[in-house]
Amino acid sequence: VSSLSKVKTRKEESRRDSAPSEGDRQQSTSVRYNESTATMEKLAVLKAWAEVYIKACEVSRSSPESAVAALDEFGDPINPSSPDLLQLVSAELENLRKHWLSALRDHAMLQLPSQFEPQLPPGGGAYYSSATAETAAVYYRQSWPSLLLASAYWMSREDLALATRDDDLPAPSNPASPGTAISSGQSSQDRLDRFRLVLGLAVKSLCSSLSDQPAGSQHTCVQTLYQLFTCDWSCCHLANDRSMLIELLSVLHRVLLTAEVHSQQIALQVVSLILSSYKDHLKQEKSKSADASLVGEGGKDGDLQPGQSVVFASLEVCLCAVVRAFPMLSPQHVNTSATLDSTTRAMHRA
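The rules behind these values
- Residues numbered from 1 in each chain as written.
- Predicted model: local features only at pLDDT ≥ 70, side-chain atom pairs only at ≥ 80, totals over all residues.
- Heavy atoms only, no water.
- pLDDT = per-residue confidence, 0-100.
- Contact = heavy atoms within 4.5 Å.
- Helix = DSSP H or I, 4+ residues; strand = E, 2+ residues; numbered from the N terminus.
- Phe/Tyr/Trp six-rings, centres within 6.5 Å; stacked < 30°, edge-to-face > 60°.
- Buried < 20%, exposed > 50% of the residue type's maximum accessible area, 1.4 Å probe, protein only.
- Core = buried A, V, L, I, M, F, W, Y, C linked by side-chain atoms within 4.5 Å.
- Axes fitted to C-alpha atoms, helices over the stretch in contact; angles between N-to-C directions.
- Left-handed = near helix turned anticlockwise from the far one by under 90°.
- Nonpolar A, V, L, I, M, F, W, Y, C, P; charged D, E, K, R; others polar.
- Lys, Arg positive; Asp, Glu negative; His and termini not counted.
- Salt bridge = Lys/Arg side-chain N within 4 Å of Asp/Glu carboxyl O.
- Polar contact = N/O pair within 3.5 Å; in protein donor to acceptor, adjacent residues only side chain to side chain.
- Expected span 1.5 Å × (residues − 1).
- Parallel < 35°, antiparallel > 145°, perpendicular 65-115°, else oblique.

Regarding the confidence of the model for the protein
Considering every residue of the protein, the mean pLDDT works out to 77; 71% of them sit at 70 or more. Note on residues 63-74: pLDDT under 50 across the span, and 7 contacts to partners over four residues away in sequence or across chains. Below pLDDT 50 for its whole length, residues 168-183 participates in 0 contacts with residues either more than four positions away or in separate chains.

Things to note about the environment of leucine 249
Relative to the elements of secondary structure, leucine 249 occurs in helix α11 (residues 242-258). For the pair formed by leucine 249 and serine 314, sequence separation is 65 residues and the distance between their alpha carbons is 6.7 Å. Here leucine 249 is in contact with Val271, Ile274, Leu275, Val310, Ala313, Ser314 and Val317, once residues within four sequence places are set aside.

Considerations on the packing of aromatic side chains
The tally for this structure, following the rule as stated, stands at 4 aromatic pairs. Ring geometry for tyrosine 53 versus tryptophan 100: centroids 5.7 Å apart, planes at 35°, classification tilted. Residue tyrosine 53 is found in helix α3 (residues 35-60), and its partner tryptophan 100 is found in helix α6 (residues 93-110); the two are separated by 47 residues along the sequence. Take tyrosine 53 and tryptophan 100: they sit in the same class, and that class is buried. Taking 6.0 Å as the distance between ring centres and 80° as the angle between the ring planes, the aromatic pair formed by tyrosine 128 and tyrosine 140 counts as edge-to-face. Remark: tyrosine 140 occurs in helix α7 (residues 133-168) and tyrosine 128 occurs in the loop between α6 and α7; sequence separation between them is 12 residues. Connected via pairs of aromatic rings, a cluster forms that spans Phe195, Phe229 and Trp233.

Quick notes on the nonpolar core
Nonpolar side chains in soluble globular proteins tend to end up buried together. Counting residues in each nonpolar core, the largest one holds 74 residues, and the members touching the most others are Tyr53, Trp100, Phe195, Leu225, Leu228 and Phe229. For this core, the element with the highest residue contribution is α7, accounting for 14 residues. Dropping the residues within four chain positions of it, tryptophan 100 is found in contact with Leu46, Trp49, Ala50, Tyr53, Leu93, Leu147, Ala150 and Ser151.

With respect to the packing of helix α10 (residues 232-239) against helix α12 (residues 261-288)
Across the interface, α10 lies against α12 with an axial gap of 9 Å and an inter-helix angle of 65°. Crossing hand, α10 versus α12: right-handed. Where α10 abuts α12, its residues Cys235, Cys236, Leu238 and Ala239 lie against Leu273, Ile274, Ser277, Tyr278 and His281. Residues of the contact of α10 with α12, tallied by class, amount to 7 nonpolar, 2 polar and no charged.

Considerations on the side chain of aspartate 106
Relative to the elements of secondary structure, aspartate 106 occurs in helix α6. One buried charge, aspartate 106, has no salt-bridge partner; the nearest side chain with opposite charge is arginine 105, at 8.0 Å. Of the polar contacts made by the side chain of aspartate 106, one reaches the backbone nitrogen of alanine 126; its length is 2.9 Å. Sequence-distant contacts of aspartate 106, that is, excluding residues within four places in its chain, are made with Gly125, Ala126, Tyr127, Tyr128 and Tyr140.

Comments concerning the pattern of salt bridges
Scanning the entire structure with this criterion turns up 1 salt bridge. In this structure, the salt-bridge partner of arginine 97 is glutamate 94, at a minimum N-O distance of 2.8 Å. Of this pair, arginine 97 and glutamate 94 both sit in helix α6, 3 residues apart, which is roughly one turn of the helix. The exposure class assigned to arginine 97 is buried, which follows from its relative accessible area of 15%. On the accessibility criterion, glutamate 94 (41% relative accessible area) is partly exposed.

What about α12?
Here α12 is 28 residues long and its end C-alpha atoms lie 41 Å apart, about the 40 Å a rise of 1.5 Å per residue gives. Looking at where α12 begins, the residue whose side-chain oxygen comes 2.8 Å from the main-chain nitrogen of histidine 262 is glutamate 260.

Regarding the environment of serine 314
Among the structural elements, serine 314 can be located in helix α13 (residues 310-325). C-alpha of serine 314 to C-alpha of leucine 252: the two residues are 62 residues apart in sequence and 9.9 Å apart in space. Non-local contacts of serine 314, meaning those with residues more than four positions away in its chain, are made with Leu249 and Leu275.

Focus: the packing of α12 against α13
Running from amino to carboxyl end, α12 crosses α13 at an angle of 150°, the nearest separation of the two axes being 12 Å. In this view, α12 runs roughly antiparallel relative to α13, as classed from their interaxial angle. Viewed along their axes, α12 and α13 form a crossing whose handedness is left-handed. Counting all contacts with α12, which are made through Gln264, Leu268, Val271, Leu275 and Tyr278, the residues of α13 involved are Val310, Ser314, Val317, Ala321 and Arg324. Residue classes in the contact of α12 with α13 are distributed as 7 nonpolar, 2 polar and 1 charged.

Encoded structure:
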């Protein structure tokens, strides 16, 4: 726990050292770490905490049968008790999640193309300065997958789950004071910003070349998507944005083409979650519409435009999944087999 005392944003450190004495200044100059080294240390601490939290969440959701099976010959658990591990992190979770999200924002800014450089904060990010941005980007690239998945776990267990419960409550008969309404609006916007940050980083990584990403990042990003969309709030938000839904289905289609089997299975679970939510969304729209036949896609002619249709994007994903499971159904496989058969018959005639 004491390792967290080393993790402070540059803004917090500047407030602490805002008016040092001459002696303090000399001592600080002599013992202060190089900024790049300090960035590496902070990110290493945050990554370690993130991995502990991820492991605690994974163990806590395991079935009782698996927990009973993990006993030694004396009946004692082989692994540490997950509630104890989760309680250890939970005590620091409010502080940790702020640092995780700050580091992810830094990473997102450092990944922007060079033409956006004038729009970056002139003083740097939360844990790096503009002078050390190039070196710091390497450290962020090594740490961000764990921070991303840990943030997604926190959002699914705390942040977005709370939003889902709040949305289910009836509106109060006596509205609160204007200040409370503003606070609620700011909280909703902050939640939406966090969701977009985590979703955007995951999607960007899944769209990038695997050679440019850390090992295992593809699987981590698919897990992140699954954690986000286990919450009704995320699914409902996505169902209301058809273009974003189509884009995400295209990304998941790419995952099915390039990922290993376990990641494919999780990707299909994500597809099931978001399409089930979209189906519920269409039912609600039909119940509100005077002409239910106009709700949805295709119109009167039933035309589905590639790139603009949720149905078409879903069919692409389904076809890809079927072909991966049964390669002999692939048209390319059929054409190749027919060509080989023709070549073989020609050789026999010769």
